[in-house]
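Structural features, examined
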Amino acid sequence: MKVKFLAASGLIAALYIAVTMLITPFGFTEVQFRISEMLNHLVAFNPRFAVGIIIGVFIANLNSPLGPYDLVFGVGQTMITLGLLILICKFVKNIWARLIINTFLFTFTMFIIAFELNLALELPFLWTWLTCAAGEFVVMAVGAPIMNMLNKRLNFKNMM
C-alpha cells in the first residue's frame, strides 16, 4: 500500500472519530445525529476513502454504550451502504446524482441500526427506523453541498 493512501485513510478515520466524539450523546441513540456521517460522501468522489471511513466507524463504535452490537451493526451498515454506493458509482458519473443517491442509501439502510436498537434496547423498530433515518437524512443532505464545495477546492478524486 502506498504511504499516501495509508495517511489519507488514517486522517479520515481520525476525523470521523473526533467529530463523532464531539457529539457523543446524539451519536448512539435512536436519533443517530452523527455529523461525522457526512464524510460518507467522500466515497462518491473516490471509492478508496471507504477504508478510512470504515476504520473510523469501527473505532468510534468501540466507545458505544451498545458495545458489540454497534461494532457488528454499525460497521456492517456502513460497509454494506458504501459497497452499494461504490457499485452504483460505476454506472452513475454525475457527482450530484451520486451525492443524492448516497443520501438516500444511507437514509434507507438505517433500518439496520433500527434493528440493532430494537435488539439491544427493545426500542420499537418502525419508530426507531423513522427517527434514525430522519437524523441521517438531515446530516447527509446538509453534508452533500459542503462536501461538493470542499471537493472543488481539494479535488478528492486525485487525493489517493
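Refer to the structure presented above.
Keep in mind that what you see is a predicted model, and the values were worked out from it rather than measured.

This paragraph deals with the packing of helix H1 (residues 3–22) against helix H3 (residues 50–61). Where H1 contacts H3, the axes come no closer than 7 Å and their chain directions differ by 40 degrees. Here H1 is positioned oblique relative to H3, judged by the angle of their axes. Between H1 and H3 the crossing geometry is right-handed. Of H3, the residues touching H1 (which contributes Phe5, Ser9, Ile12, Ala13, Tyr16, Ile17, Thr20 and Met21) are Val51, Gly52, Ile53, Ile55, Gly56, Val57, Ile59 and Ala60. When grouped by side-chain class, the residues that make up the contact of H1 with H3 number twelve nonpolar, four polar and no charged.

Moving on: the nonpolar core. Grouped together as the largest cluster of nonpolar side chains are 27 residues, with contacts concentrated most on Leu42, Val43, Phe49 and Ile53. Within the residue set of this core, elements represented by two or more residues are H1, helix H2 (42–45), H3, helix H4 (68–89), helix H5 (95–108) and helix H7 (125–154). If one sorts the elements of this core by residue count, H1 sits on top with five residues. In contact with Phe49, not counting residues within four places along its chain, are Ile12, Leu42, Val43, Phe156, Met159 and Met160.

With twelve residues, H3 extends 16 Å between its outermost C-alpha atoms, agreeing within 8% with the 16 Å of an ideal straight helix rising 1.5 Å per residue. Among all positions in H3, only Ala50, Gly52, Ile53, Gly56, Val57, Ala60 and Asn61 are buried. Axial view of H3: buried residues confined to an arc of 165 degrees, hence all on one face. Against the buried residues of H3 lie H1, H2 and H4.

Here the focus is the packing of H4 against H5. One way to put it is that H4 packs onto H5 with a least axis distance of 10 Å and a crossing angle of 150 degrees. As summarised for this structure, H4 and H5 are arranged roughly antiparallel, according to the angle between their axes. In this structure, H4 crosses over H5, and the sense of that crossing is right-handed. Between H4 and H5, the residues in contact are Gln77, Thr78, Thr81, Leu82, Leu84, Leu85, Ile88 and Cys89 and Arg98, Ile101, Asn102, Leu105 and Phe106, respectively.

Under the defined criterion, the tally for this structure stands at nine aromatic pairs. With a centroid separation of 6.5 Å and 25 degrees between ring planes, the pair formed by Tyr69 and Phe73 is classed as stacked. Of this pair, Tyr69 and Phe73 both sit in helix H4, four residues apart, which is roughly one turn of the helix. Overall, Phe73 belongs to the buried group, its relative accessible area being 18%. Ring geometry for Phe73 and Phe115: centres 5.8 Å apart, planes at 65 degrees, overall edge-to-face. Residue Phe73 is located in helix H4, and its partner Phe115 is located in helix H6 (residues 110–121); the two are separated by 42 residues in the primary sequence. You can call Phe115 partly exposed: its relative accessible area is 38%. One aromatic cluster is present, formed by Phe108, Phe111, Phe125 and Trp129 through successive ring pairs.

To continue, consider empty space enclosed by the protein. For the structure shown, the criterion picks out one cavity of 30 Å³ or more. Approximately 100 Å³ is the volume found for the largest cavity. Every residue lining the largest cavity is counted, 13 residues in all, and those nearest its centre are Gln32, Arg34, Glu37, Gln77 and Ile113. Elements supplying a minimum of two residues to the lining of the largest cavity: H3, H4 and H6. Looking at the lining of the largest cavity element by element, the count peaks at four residues for H4.

Cut-offs applied
Residues numbered from 1 in each chain as written. Predicted model: local features only at pLDDT ≥ 70, side-chain atom pairs only at ≥ 80, totals over all residues. Heavy atoms only, no water. Axes fitted to C-alpha atoms, helices over the stretch in contact; angles between N-to-C directions. Helix = DSSP H or I, 4+ residues; strand = E, 2+ residues; numbered from the N terminus. Parallel < 35°, antiparallel > 145°, perpendicular 65-115°, else oblique. Left-handed = near helix turned anticlockwise from the far one by under 90°. Contact = heavy atoms within 4.5 Å. Nonpolar A, V, L, I, M, F, W, Y, C, P; charged D, E, K, R; others polar. Core = buried A, V, L, I, M, F, W, Y, C linked by side-chain atoms within 4.5 Å. Buried < 20%, exposed > 50% of the residue type's maximum accessible area, 1.4 Å probe, protein only. Expected span 1.5 Å × (residues − 1). Arc of directions from axis to C-beta. Phe/Tyr/Trp six-rings, centres within 6.5 Å; stacked < 30°, edge-to-face > 60°. 1 Å grid on protein atoms, 1.4 Å probe; cavity = no way out; pocket = protein on both sides within 12 Å on 5 of 7 lines; lining within 4 Å. Points joined across faces, edges and corners; volume = space filled by probe spheres on them.

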